[in-house]
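Take a look at the letters that make up each chain.
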Amino acid sequence: MYHWKKIVINGMPLLFLCLLVEVMVGQLLLLKEQVILARLPVFLIAIPVINGVGGNIGSILGAHIASGLHVGSVEINLKDKIMHETVITAILMGSITYTLLSIGIYLIGWINGLAMNVSLLSFITTFLTTGIILIGLLSIVSVVTAFISFKKGIDPDDVVAPVVTTIGDTFGILILFLFIGV
Amino acid sequence: MLKQSLPLLILCGIGGIFTGSILGSMVDIFHRIPGLLVVIPGIIALRGNISTAFGSRLGSAYHLGLINAENMWNDALKQNVIGSLILSVLVSATIGIVAYFTTLVFFQQQVNFIFLLGTVLIAGITSGLLLTSFTIGIIYLVFKRGYDPDNITGPALATVGDITTMLCIFASAVFMEVVL
């Protein structure tokens, strides 16, 4: 049933697409390298957290919508009530997680003796605003991807997670750069 | 949804803070080798994709009755291990090559190609080996206790995967600096 050649061939196209996007994300980092490395290294700690949590929330949301579609409790309709409730829960969950983690990051940066150049309050504000906008965006992406793939007869479980994490990585960094004004 | 997912999210976020701290302590090496920063998002993302897919395939194989605790090291598992490792090598090498050329085109900046390729390959292969063994270990424990692997491997890999990958990139960059 499993053969390594099949695994490699099935995995390659999506992986290559993700790879190209992710290298571009890396180029964005390089473009703003001086600012992040020299002036605000604490945001270097923040990037994996913003992207990781955003991607996870988007994937959890997508998995719930996908199961709902499979079971028939969610309809392909932008006015679907259960879908709205799931999105609101995701945003609430994200706000709590991001607030707690931003305090943790600030403390770790401070303990590690990184150059801070930013107050705790404005760090939390920047982090939280970036996070909430990201989750809002990823919720839309996740719901739309789940709807489209389900309509086309592709299992949303296979598609939503890679799409959401890749878009999350790109926009997480773009939105963050917008707010720290680099 | 809130009750079940929130603890997991926070745990994963703490994993993210660790990953970020490793990035933070690499500031000096990023200064010395500018192109290195470019490969970080790619390696982390693809490591995550490859090992999560590996974990979920093993989960499905368990549900299909292809592997279980008594019959672990069989052909289904071997094919999956080989497939994941080959994907790791191919994808890591491509990341290195694409990163080298895009840096050259966008920034007219010449990164040491051998350094970049060596670093991503060593990091990709070592993190692939470590995370594959980790997944097999977790799956074995899950089988023995009779849990559903689908509920455990994803979050476990999300937390441990990024940290392991970051450590591997750090170590292989230092290694390549010493060698070259």
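Conventions adopted
Residues numbered from 1 in each chain as written. Chains lettered and ligands numbered in written order. Predicted model: local features only at pLDDT ≥ 70, side-chain atom pairs only at ≥ 80, totals over all residues. Helix = DSSP H or I, 4+ residues; strand = E, 2+ residues; numbered from the N terminus. Buried ≥ 20, exposed ≤ 12 C-beta atoms within 10 Å, placed from the backbone. Contact = placed C-beta atoms within 7 Å. Core = buried A, V, L, I, M, F, W, Y, C linked by C-beta atoms within 7 Å. Nonpolar A, V, L, I, M, F, W, Y, C, P; charged D, E, K, R; others polar. Axes fitted to C-alpha atoms, helices over the stretch in contact; angles between N-to-C directions. Parallel < 35°, antiparallel > 145°, perpendicular 65-115°, else oblique. pLDDT = per-residue confidence, 0-100.

(A) Representation of the overall build of chain A. Along its length, chain A carries 6 helices and 0 strands. When the helices and strands of chain A are listed from N to C terminus, the series reads α-α-α-α-α-α. Burial status across chain A gives 47% buried among its 182 residues. Relative to all contacts within chain A whose residues are 6 or more apart in sequence, the contacts with residues 24 or more apart total 82%.

(B) Inspection of the overall build of chain B at higher detail. Along the backbone of chain B there are 6 helices and 0 strands. Reading chain B from its N terminus to its C terminus gives the helix and strand order α-α-α-α-α-α. Expressed along its principal axes, the backbone C-alpha trace of chain B runs to roughly 55 × 40 × 25 Å. Counting all 180 residues of chain B, 47% fall into the buried class. Restricting to contacts in chain B with at least 6 residues of sequence separation, those with at least 24 account for 81%.

(C) Up close: the nonpolar core. Of all hydrophobic cores here, the largest spans 96 residues; its most connected members are Ala46 and Ile57 of chain A together with Val39, Ile43 and Ile95 of chain B. No other element matches helix α3 (residues 42-71) of chain A, which puts 15 residues into this core. When neighbours within four sequence positions are excluded, Val39 of chain B is seen to be in contact with Gly26 of chain A together with Ile95, Gly96, Ala99, Leu116 and Val120 of chain B.

(D) Region of the structure containing the interface of chain B and chain A. Listed by partner, the interface residues are 48 residues for chain B and 50 residues for chain A. Looking at the side of chain B that touches chain A, the element that brings in the most residues is helix α4 (residues 75-107) of chain B, giving 16 residues. The residue makeup of the side of chain B that touches chain A, split by class, is 31 nonpolar, 16 polar and 1 charged.

(E) Representation of the environment of Gln110 of chain B in the model. For Gln110 of chain B, the position within the fold is in the loop between α4 and α5 (113-145). When the C-alpha atoms of Gln110 of chain B and Ser133 of chain B are compared, they prove to be 36 Å apart, with 23 residues separating the residues in sequence.

(F) Spotlight on the packing of helix α1 (residues 2-25) of chain B against helix α6 (residues 149-179) of chain B. Residue and element names in this part refer to chain B. Contact pair α1 / α6: the axes reach a minimum separation of 9 Å and the direction vectors enclose 5 degrees. What the angle tells us is that α1 and α6 run roughly parallel. On the side of α1, the interface is formed by Leu8, Leu11, Cys12, Gly15, Gly16, Phe18, Thr19, Ile22 and Leu23, while α6 contributes Pro155, Ala158, Thr159, Asp162, Ile163, Met166, Leu167 and Phe170. Taken together, the residues of the contact of α1 with α6 break down into 12 nonpolar, 4 polar and 1 charged.

(G) Inspection of the environment of Gly15 of chain B at higher detail. Position of Gly15 of chain B among the secondary structure elements: in helix α1. Distance in space between the C-alpha atoms of Gly15 of chain B and Phe101 of chain B is 32 Å, their sequence separation being 86 residues.

(H) The arrangement of the confidence of the model for chain B in detail. For chain B, mean pLDDT is 87; residues scoring 70 or higher make up 100% of the total. Both confidence scores are given for the complex: pTM 0.85, ipTM 0.87.

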